[in-house]
Amino acid sequence: MIENRTFAEVAKQYEPLIRGQIKKLNIYRNREEFYQVGLIGLWKAYEQFDQEKGSFSTIALFKVRGCLLDFLRKEGRYSDHHIYGMDIVFDYMEDEGCLIAEWLDHNLDDYRKFLTDREVQWLYDTVIHDKKPAQIAHEQKVSTNTVATWRKKAKAKLQEAMKKGELRGH
């Protein structure tokens, strides 16, 4: 801990550092959530600070940035495996006792209206068979980057359709 200073005082003083790191990392959405993550990093620095190991500002910078980067990675992994609105679908299916495969078979035509055949294949392989992009790429005889493009386009199309109310979660 920093001698004779409360965390509230330290947080107020280091707010520009947190906001600066958010800006440097090009975080443009959920800024308040990321600010809270930055505060957690600052708290870790505050709790673990040892004067013999360096200045607090340097340690604070590394802890804040590290926490923000970790959170970005976790969020990236989550968004790579989840389609906007699909969580609602899975919650609904769980409540109704449906199987994902049955649900997707019955509702795939709704999704097919918005997606190409390759994008539908990606959706089916990802959701039903829990396949990774590399495995889909190998089976479809395309590059992993191509599968990533299918994913990106499919997610964008489905998000847009859901926003416009053309596609429902269930």
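For the structure, see preceding data.
Predicted model, so just to flag it, every value in this text is computed and none were measured.

Here is what the cut-offs are and how they apply
Residues numbered from 1 in each chain as written. Predicted model: local features only at pLDDT ≥ 70, side-chain atom pairs only at ≥ 80, totals over all residues. Heavy atoms only, no water. Helix = DSSP H or I, 4+ residues; strand = E, 2+ residues; numbered from the N terminus. Buried < 20%, exposed > 50% of the residue type's maximum accessible area, 1.4 Å probe, protein only. Contact = heavy atoms within 4.5 Å. Areas by Shrake-Rupley, 256 points an atom, 1.4 Å probe, with all protein chains shown as cover. Axes fitted to C-alpha atoms, helices over the stretch in contact; angles between N-to-C directions. Parallel < 35°, antiparallel > 145°, perpendicular 65-115°, else oblique. Left-handed = near helix turned anticlockwise from the far one by under 90°. Nonpolar A, V, L, I, M, F, W, Y, C, P; charged D, E, K, R; others polar.

Attention now goes to the overall build of the chain. When helices and strands are tallied, the chain shows 9 helices and 0 strands. Reading the chain from its N terminus to its C terminus gives the helix and strand order α-α-α-α-α-α-α-α-α. In the chain, which comprises 170 residues, the share counted as buried stands at 35%. Considering only intrachain contacts with a sequence separation of at least 6, the fraction spanning at least 24 residues in the chain is 60%. Surface accessibility of the chain: about 11100 Å² in total, with carbon and sulfur atoms responsible for 50%.

So, about the packing of helix 7 (residues 117–127) against helix 8 (residues 133–140). Closest axis-to-axis distance for the helix 7/helix 8 pair is 11 Å, and the angle between their directions is 130°. If you check the angle between helix 7 and helix 8, you find them oblique. The way helix 7 lies across helix 8 gives a crossing that is right-handed. Contact residues: R118, Q121, W122, D125 and T126 in helix 7; I136, E139 and Q140 in helix 8. Grouping the amino acids of the contact of helix 7 with helix 8 by side-chain chemistry returns 2 nonpolar, 3 polar and 3 charged.

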